[in-house]
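Each chain is listed here by its residues.
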Amino acid sequence: MNAVRECVVIGAGPGGLVCTKELVEQGIDDVLCLEKSQAIGGVFADTYDNLTLTSSCTFSMFSDFWIGDGRQHHFWSKQEVLAYWDAYARHFGVFERIRFGAEVVSAEPAPCGWRLVLADGGEVLCRRLALAVGGNRFPNLPDWADDLQGVSVLHSKDYRNDAAFSGKNVLVVGGGESAADITLEIARVARRCTVSLRSSAGWILPRKRGAMAADIATHRGLYGLPREFGIEVSRQIIRHEADYDDPVHDAAAKLNARVTAAYGVWSTYGTKNFSLPEAVARHGCGVVAGVTGVEDGGRRIRFADGEVLDGVDAVVLCTGYRSRLPFLPEPLRAQDPRALYKHMFHPAYGDSLVWIGLARPGYGSQFPIMEMQARYFALLAAGRMALPAPERMAETAAADAQGYLRQLGHSGRRIRNLVDYHRYMDDLAGLIGCMPPFWTLFLLRPRLWLRVVYGATQATQFRLRGPGGKPALAREILMKLPVSRFNHVVKVGLKGRLWYALRWPWRPRPSEPAEA
Ligand SMILES: Cc1cc2nc3c(=O)[nH]c(=O)nc-3n(C[C@H](O)[C@H](O)[C@H](O)COP(=O)(O)OP(=O)(O)OC[C@H]3O[C@@H](n4cnc5c(N)ncnc54)[C@H](O)[C@@H]3O)c2cc1C
Ligand SMILES: NC(=O)c1ccc[n+]([C@@H]2O[C@H](COP(=O)([O-])OP(=O)(O)OC[C@H]3O[C@@H](n4cnc5c(N)ncnc54)[C@H](OP(=O)(O)O)[C@@H]3O)[C@@H](O)[C@H]2O)c1
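Residues numbered from 1 in each chain as written. Chains lettered and ligands numbered in written order. Predicted model: local features only at pLDDT ≥ 70, side-chain atom pairs only at ≥ 80, totals over all residues.

### Here we look at the overall build of the chain
This is how the line gets drawn: Each helix corresponds to a stretch of at least 4 residues labelled H or I by DSSP, and each strand to a stretch of at least 2 residues labelled E; elements are numbered beginning at the N terminus. The quantity called the radius of gyration is restricted to C-alpha atoms. Its globule counterpart is 2.2 Å times the number of residues to the power 0.38. To assign burial, the other C-beta atoms lying within 10 Å of each residue's own C-beta are counted, with C-beta atoms placed from the backbone; 20 or more indicates buried, 12 or fewer indicates exposed, and intermediate counts indicate partly exposed. Note on contacts: residues are paired as contacts if their backbone-placed C-beta atoms lie within 7 Å.
Secondary structure assignment for the chain yields 16 helices and 23 strands. Taken against the 2.2 N^0.38 rule, which gives 24 Å for 516 residues, the C-alpha radius of gyration of the chain at 23 Å falls within 12% of a compact globule. Referenced to the eigenvectors of the C-alpha coordinate spread, the extents of the chain come out at roughly 65 × 60 × 45 Å. Looking at the chain as a whole, 48% of its 516 residues qualify as buried. Looking at the chain alone, contacts between residues at least 24 apart form 73% of all its contacts between residues at least 6 apart.

### Considerations on the site of ligand 2
What counts here: What makes a residue near a molecule or strand is its C-beta atom, placed from the backbone, lying within 6 Å of it. By the convention adopted, Pro, Cys, Tyr, Trp, Phe, Met, Ile, Leu, Val and Ala count as nonpolar, Lys, Arg, Asp and Glu as charged, and the other residues, Gly among them, as polar. These domain boundaries are the output of an automatic or database domain assignment.
Taken together, 28 residues form the shell around ligand 2, and within it Gly174, Gly176, Ser178, Ser199 and Gly320 come nearest. For the shell around ligand 2, the secondary-structure elements that each account for two or more residues are helix H4 (177-189) and helix H11 (390-414). A per-element tally of the shell around ligand 2 places H4 first, with four residues. Here the residues of the shell around ligand 2 sort into nine nonpolar, 14 polar and five charged. Here the shell around ligand 2 gathers at least three residues from each of two domains, domain 1 (4-137 + 322-441 + 460-467) and domain 2 (141-202 + 269-319).

### Considerations on the environment of His73
Secondary-structure assignment places His73 in the loop between helix H2 (57-60) and helix H3 (78-91). When the 19 C-beta atoms within 10 Å are taken as the criterion, His73 is described as partly exposed. Taking C-alpha positions, His73 is 35 Å from Val315, a pair spaced 242 residues apart along the chain. When neighbours within four sequence positions are excluded, His73 is seen to be in contact with Ser56, Lys208, Ala211, Met212, Ala213 and Pro482.

### A short note on the domain arrangement of the chain
Parsing the chain into structural domains produces domain 1 (4-137 + 322-441 + 460-467) and domain 2 (141-202 + 269-319). Distance between the C-alpha centres of domain 1 and domain 2: 32 Å. In terms of residue class, the side of domain 1 that touches domain 2 is made up of four nonpolar, five polar and one charged.

### Focus on the sheet that holds strand S17 (residues 300-303)
By way of backbone hydrogen bonds, the strands of a sheet pair with one another, either parallel or antiparallel. Under the convention used in this document: Two strands pair under a simple rule: DSSP has to find at least two bridges between them.
Here we have three strands laid out as an open sheet, ordered S16-S17-S18, and antiparallel in their pairing. Looking at the sheet topology across the chains shown, the edges are occupied by strand S16 (291-295) and strand S18 (308-309). Inspection of the sheet shows S17 paired to S18 by two bridges, in the antiparallel sense. Across the sheet, Arg302 pairs through a bridge with Val308, a residue of S18.

### So, the site of ligand 1
Of all residues adjacent to ligand 1, which total 32 residues, the nearest are Gly11, Gly13, Gly42, Gly134 and Gly357. Of all elements in the fold, only helix H1 (14-25), strand S2 (31-35) and helix H10 (366-381) reach the threshold of two or more residues within the shell around ligand 1. Taken together, the residues of the shell around ligand 1 sort by class into 13 nonpolar, 15 polar and four charged.

### Side note on the sheet that holds strand S9 (residues 169-173)
To keep it simple, the criterion reads: Helix axes are fitted to C-alpha atoms over the stretch in contact, other axes to C-alpha atoms as well, and angles between N-to-C directions run from 0 to 180 degrees.
Pairing is parallel across the open sheet formed by five strands, whose spatial order is S8-S19-S9-S10-S15. Looking at which strands have only one partner, the edges of the open sheet turn out to be strand S8 (152-155) and strand S15 (286-288). On average, each strand axis in the sheet is tilted by 20 degrees relative to the strand beside it, whichever way the strands run. Judged from the four bridges that link them, S9 and strand S19 (residues 314-317) form a sheet pairing that is parallel. Bridging across to S19, Val173 finds its partner in Leu317.

### Let's talk about helix H15 (residues 471-478)
Applicable threshold: Here the arc refers to the directions that run from the helix axis out to each C-beta atom.
Where H15 is concerned, the buried positions are Ala474, Ile477 and Leu478. Down the axis of H15, the sector holding all buried residues measures 95 degrees, keeping them to one side. Opposite the buried face of H15, at more than 90 degrees from it, the exposed residues are Ala472 and Glu476.

### Looking at unusual backbone geometry
Residue Asp245 is not a glycine yet carries a positive backbone phi of 55 degrees. Inspection of the secondary structure puts Asp245 in the loop between helix H6 (230-242) and helix H7 (247-256). For Asp245, a count of 7 C-beta atoms within 10 Å gives the class exposed. Although it is not a glycine, Lys342 sits at a positive phi angle of roughly 55 degrees. Secondary-structure assignment places Lys342 in the loop between helix H9 (330-333) and strand S21 (353-355). Look at Lys342 and you get buried, because 23 C-beta atoms sit within 10 Å.

### Some details on the packing of H1 against H10
Each pair of packed helices can be summarised by the angle the axes make with each other and by the distance between the axes. This is how the line gets drawn: Definitions for this section: a left-handed crossing has its near helix turned counterclockwise from the far helix by less than a right angle. A right-handed crossing has that turn clockwise.
The N-to-C vectors of H1 and H10 enclose an angle of 35 degrees; their axes lie 8 Å apart at closest approach. Pair H1 / H10 crosses with right-handed handedness. Contacts between H1 and H10 involve Pro14, Gly15, Val18, Cys19, Glu22, Leu23 and Glu25 from the former and Phe367, Met370, Glu371, Ala374, Arg375, Phe377, Ala378 and Ala381 from the latter.

### What about the environment of Pro109?
Looking at the secondary structure, you find Pro109 in strand S4 (residues 104-110). Taking the C-alpha atoms as reference points, Pro109 and Arg127, 18 residues apart in sequence, are found 9.7 Å from one another.

### Some remarks on the environment of Phe367
Structurally, Phe367 can be placed in helix H10. Separated by 201 residues in sequence, Phe367 and Ser166 place their C-alpha atoms 35 Å apart. Discounting chain neighbours no more than four positions away, the residues touching Phe367 are Pro14, Ser60 and Phe62.

Below, the structure written as structure tokens:
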């Protein structure tokens, strides 16, 4: 008879690595991580050749493992991030827990917790199961994709490089980060490249502003403001981009003006590089509206703005992903993240089952989110915390979903796991009890306070105290991380603070708009 494992983690992408590490760190020794491939790294081990991350090293790092001096404003290539995770997994003894080449083909509830069946017929029993299988694996395809019989069709998941597109007439569909990266590569070599946006391209931000990673400005100085202020933030940023008097910034401002949702920049997801505006401004890439008609097997395509594209050779669908877990029982296979408590726990299964990585941040990075989720789960698994009652979990999930859908409108409905990074992180930090001690820092350690409030809101600041806290290491790392310059983002934040301070308490806040 098989022994019952304390905890099994499925997947050795970044989510599975950090989850395994946190469980071990909380004293749960009997952890097994099952990975179907032969390597760590998940999506990053199997994606396009020239992938560079859109979150800086400062933002992407795990809280307690240094990136290397001088890398604070660097953006890892996929090879570099894989090397960082390799070193991380070695340092924290994660490799010893991973069984490679172990694909889970079925996971069913069992008296002990969960019974897993592997592709080789093996069986694994466990008390707790962590699903760290990633949400960017199963392509989301438009309804009309089946009509593209006469052209070459590719989803971004299968794109590797521009080799097949040289001299071709190519349509790229979508405006997220996959579309941005791929459009720029294709626009450089294609005879003609056109991108179809049915709404916007998210909110476009540069990777860097001068020598600084632009995401350092994803800080509490700005994101501490009420979300209704997002519309003013959008206006100010568009004005700032226009001031550069540069065609790439102009193209970015024009694309961002397409975001018309209720909270502007805070109603959508960030597309955190200037690749799309560069493709438009420097490589003649055209921008058209959403697809309305596919004729002649895709050789002729019509768009909502009346444009028609003739002689199409290839269509690249950068239309995102759907989260699917085919090995789970039917009702859980396409689980809506918004029905889960904190995008992690199903009320019926409590802490015996957890999804790690099912919360995608609009801005910031997904890696700190996965770490925070792993910390919370590990504390529950170690018996140092308890979940609320199932009814309370369901009520909280419904209330959170309502708030996110109100703020995120169309994007929140399409991307079911999309969350507001700051709200989500602070929410989990509140549950864990690891919010940074702002007032103490302000009074006793102002230089540290500056980094916590005007540096990127990344994972390390949540290690300053509370369960899982590593105060000395956190202070040392934080002091090496950058503080935002006194730039337009800081100024918009200060302006917002002043505006709300003067407004309150004489006038009530405007009521939140209905779901967009
Ligand atoms: C191209 C791309 C670039 C991205 N860049 C960034 C970025 O710059 N910054 C950022 O914050 N986020 C980024 N993301 C978003 C997110 O961080 C990644 O998708 C990340 O890979 C999620 O990690 P994960 O561990 O949840 O899932 P994955 O990386 O998908 O890893 C899941 C692992 O589970 C394994 N697995 C799946 N099913 C089974 C099974 N049945 N049995 C055993 N093993 C299984 C897989 O083989 C895989 O190794 C990017 C996403 C994409 C698609
Ligand atoms: N370099 C990098 O770091 C990098 C590169 C690639 C991906 N990523 C990450 O990977 C994740 C997925 O990104 P992604 O760009 O693949 O997907 P995404 O951000 O979800 O964007 C999908 C795009 O496709 C459009 N779309 C979706 N369904 C459509 C349909 N039926 N018809 C027409 N258009 C449709 C969306 O439009 P609407 O907005 O109108 O819905 C959106 O523009 C994100 O977390 C992203 O940050 C990172």
